[in-house]
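The primary structure of each chain is shown beneath.
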Amino acid sequence: MRDFFPPRRLLLGPGPSMVPPRVLQALSAPLLGHLDPAFLTVMNDIQQSLRPLFATTNPFTIAVSGTGSAGMEAAIVNIVEPGDAVIVGVNGVFGTRLATVVERCGGKAIKLDVPWGQVIPPDMIETALRRSSPVKAVVLVHAETSTGAWQPLEPVGAMCRNHQALLIVDAVTSLGGVPVDVDRWGIDVCYSATQKCLSCPPGLAPLTLSPQALSVIKSRRTPCQSWYLDMGLVADYWAEGSRAYHHTAPVSMLYALRESLGLIEQEGLPARFARHQLNSDALVAGLMELELTPLPSAEHRLPMLSCVTVPPHLDEGAVRQQLLQQFGIEIGGGLGPLKGKVWRIGLMGESCTEANVLTFLNALEEIFIRYGWLSTPGVALQAAARIYSRAM
Ligand SMILES: *Cc1c(COP(=O)(O)O)cnc(C)c1O
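Residues numbered from 1 in each chain as written. Predicted model: local features only at pLDDT ≥ 70, side-chain atom pairs only at ≥ 80, totals over all residues. Heavy atoms only, no water.

Visitor: Tell me what's going on with the overall build of the protein chain, and back it up with residues and numbers.
Guide: When its secondary structure is counted, the protein chain shows 13 helices and 15 strands. Whereas a compact globule of 392 residues would reach a radius of gyration of roughly 21 Å, the protein chain reaches 21 Å, a difference of no more than 12%. Dimensions along the principal axes, computed over C-alpha positions, put the protein chain at roughly 65 × 55 × 45 Å. Sorting the 392 residues of the protein chain into buried and exposed places 57% on the buried side. Relative to all contacts within the protein chain whose residues are 6 or more apart in sequence, the contacts with residues 24 or more apart total 71%. Entry remark: accessible area of the protein chain is about 16,400 Å², with carbon and sulfur atoms responsible for 56%. A distance of 3 Å separates the average location of the 30 positive side-chain charges in the protein chain from that of its 33 negative side-chain charges. (Helix = DSSP H or I, 4+ residues; strand = E, 2+ residues; numbered from the N terminus. Rg over C-alpha atoms; globule rule 2.2 N^0.38 Å. Buried < 20%, exposed > 50% of the residue type's maximum accessible area, 1.4 Å probe, protein only. Contact = heavy atoms within 4.5 Å. Areas by Shrake-Rupley, 256 points an atom, 1.4 Å probe, with all protein chains shown as cover. Lys, Arg positive; Asp, Glu negative; His and termini not counted. Charge placed at Lys NZ, Arg CZ, Asp CG, Glu CD.)

Visitor: Explain the pairing of strand β8 (residues 166-170) to me, and be specific about the residues and the numbers.
Guide: Most of β8 is tucked away: 5 of the 5 residues are buried. Burial of the side chains of β8 extends over both faces: L166, I168 and D170 are buried on one face and L167 and V169 on the other. In this sheet, β8 lies alongside strand β5 (residues 137-141) in parallel orientation, the contact comprising 5 bridges. For A137, the partnering residue across the bridge sits in β8 and is L166. Where β8 meets strand β9 (residues 189-191), 3 bridges bridge the pair, whose relative direction is parallel. Within the sheet, the bridge partner assigned to I168 lies in β9 and is V189. (Pairing = 2+ DSSP bridges.)

Visitor: Tell me what's going on with the state of the cysteines, and back it up with residues and numbers.
Guide: By the definition in use, this model includes 0 disulfides. C200 takes part in no disulfide bond, and the closest cysteine sulfur to it belongs to C197, at a distance of 13 Å. Exposure remark for C200: the relative accessible area of 0% places this residue in the buried category. (Disulfide = S-S within 2.5 Å.)

Visitor: Give a detailed account of unusual backbone geometry, specifying residues and quantitative values.
Guide: With an omega dihedral of 5°, the bond running from G15 to P16 counts as a cis peptide bond. Looking at the secondary structure, you find P16 in the loop between β1 (10-11) and α1 (21-27). In this structure, the amide linkage connecting S133 to the following residue, P134, adopts the cis form with an omega of 0°. With respect to the element layout, P134 can be found in the loop between α5 (122-132) and β5. Here Q164, not a glycine, exhibits a phi torsion of approximately 50°, which is positive. Relative accessible area serves as the criterion here: at 70%, Q164 is assigned to the exposed category. Of note, R243 is a non-glycine position whose phi angle comes to about 50°, a positive value. Inspection of the secondary structure puts R243 in the loop between α8 (231-238) and α9 (251-267). A residue is classified by how much of its surface remains accessible, and R243, at 10% relative accessible area, is buried.

Visitor: If you had to explain the sheet that holds strand β14 (residues 332-333) to someone new, which residues and values would you point to?
Guide: Strands sit in the order β11-β12-β15-β14 across an open sheet of 4 strands; the sheet is antiparallel. One side of each edge strand has no neighbouring strand; the edge strands of this open sheet are β11 (293-294) and β14. Against the sheet, helix α10 (residues 269-289) engages β11, β12 (305-309) and β15 (342-346), with an angle of about 10° to β12. (Axes fitted to C-alpha atoms, helices over the stretch in contact; angles between N-to-C directions.)

Visitor: Any details on the pattern of salt bridges? Residues and values, ideally.
Guide: All chains considered together, the criterion is met by 14 salt bridges. Salt-bridge contacts for E259 lead to R258; the nearest nitrogen and oxygen are separated by 3.8 Å. On the basis of relative accessibility, which here comes to 17%, the residue E259 falls in the buried class. Note on R258: relative accessible area 35%, which makes it partly exposed. Among the charged side chains, a salt-bridge network with shared partners connects R22, D45, R258 and E259. (Salt bridge = Lys/Arg side-chain N within 4 Å of Asp/Glu carboxyl O.)

Visitor: Could you give an account of the packing of aromatic side chains, with specific residues and numbers?
Guide: Applying the stated criterion across every chain, the model contains 4 aromatic pairs. With a centroid separation of 6.2 Å and 65° between ring planes, the pair formed by F39 and Y255 is classed as edge-to-face. Residue F39 is found in helix α2 (residues 37-54), and its partner Y255 is found in helix α9; the two are separated by 216 residues along the sequence. The pair formed by F39 and Y255 is uniform in burial state, with each residue classed as buried. With a centroid separation of 4.3 Å and an interplanar angle of 10°, the aromatic rings of Y371 and W373 are classed as stacked. Among the residues examined, W373 registers a relative accessible area of 24% and is labelled partly exposed. (Phe/Tyr/Trp six-rings, centres within 6.5 Å; stacked < 30°, edge-to-face > 60°.)

Visitor: Would you mind going over the site of the ligand in detail, with residue names and values included?
Guide: The immediate surroundings of the ligand are formed by 14 residues, with T67, S69, T145, D170 and K196 found nearest. Measuring from a nitrogen atom of the ligand, one finds a side-chain N or O atom of D170 at 2.7 Å. Considering the ligand on its own, with 380 Å² of exposed area, one finds that the protein chains cover 89% of that surface. Counting only elements with at least two residues in the shell around the ligand, the list comes to α3 (68-79) and α4 (93-104). Among the elements that line the shell around the ligand, the one with the most residues is α3, at 3 residues. In terms of residue class, the shell around the ligand is made up of 5 nonpolar, 6 polar and 3 charged. (Near = heavy atom within 4 Å. Polar contact = N/O pair within 3.5 Å; in protein donor to acceptor, adjacent residues only side chain to side chain. Nonpolar A, V, L, I, M, F, W, Y, C, P; charged D, E, K, R; others polar.)

In short, the description is geometric, and any link to function would need to be established separately.
Listed below in structure tokens is the structure:
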């Protein structure tokens with residue numbers, strides 16, 4: 001077989017994001033048995049660092065083996081039993097996927113559909129809870145990566161409590177980029193993924209379960225339909241003092257996650273959130289000068305993912321191809337109904353720097369100039385620079 005050398009890329013898409021060298025190095029450390037006492041300290045460290053990241057004291061806080069979608073399945077298959085009514089906010093690809101998973105579990109998905117780019121209004125959730133009682137759970141995507149919409153969650157937890165419904169939240173893209181306050185917001189099940197704002201390779205899905213969610217899982221009428229993702233069984237491996245074999249832990253990935261959580265701790269969450277907001281403000285200011293307008297309204301725009309509509313006179317595919325081939329920069333195109341209509345620019349974790357924002361805007365201006373789409377070169381860079389100088 002020939003050697004493979006991946007080309008150098010600046011990953012500014014919807015994930016994976018750039019991975020710090022320290023994390024890549026951790027991946028190459030010698031393996032340990034997954035029941036080795038030395039490895040168990042790695043697991044403990046991960047659990048201890050994940051709790052403040054999720055802002056929770058939940059003892060059940062682990063990393064599920066698999067990507068974000070494994071976290072999603074774990075969240076749904078453990079809670080939903082045949083016949084259960086589940087309210088699902090559907091405003092993009094991931095809400096759609098969640099509704100599918102609910103239905104595959106035999107659940108009745110009550111879909112709250114809103115146009116892509118918008119968020120699910122909390123009073124729409126309240127109305128659905130009242131109309132459809134009893135509801136087993138409400139499922140929402142905190143950061144809808146397909147549209148850049150930032151779902152408000154604060155008012156929803158209390159509504160769920162009042163109707164004895166669990167609150168399940170997809171924090172795949174939000175965790176590590178904006179606050180995810182599991183305990184304060186009354187979230188019962190929250191999952192994420194390693195390759196977005198945690199800046200670790202894809203392969204693990206952090207997951208936390210409230211005591212209430214755990215008791216719902218323990219009192220199931222039917223066994224969880226997935227053996228691999230049965231959190232009742234997986235719990236015995238992660239529980240200190242028990243550590244019973246369930247499946248072989250992805251040892252190297254857990255080394256990597258431990259390292260990336262260490263880097264997040266070092267930076268501190270408030271500084272990390274501020275970094276995401278500042279770089280996003282600069283990016284959006286620059287994009288607006290190029291007539292690239294964010295799809296969500298100003299109050300519901302995610303900092304780590306900007307989804308902008310591309311004017312019809314631009315050949316969006318050709319621009320993305322040039323960004324990749326000439327500048328080594330990856331950004332995302334649109335999915336589903338947004339295919340060919342939007343760009344999705346991610347500033348997640350390690351990818352989220354001033355240098356990357358300016359590099360990207362510069363490359364984009366250069367391409368626009370070549371096509372004759374930009375009459376006053378430098379406008380995007382200037383707009384971004386103004387945001388940075390104001391922040392100094
Ligand atoms: C990326 C993503 C997922 C799926 O994660 P994979 O790692 O691709 O399986 C789920 N939800 C959201 C919001 C995402 O952005």
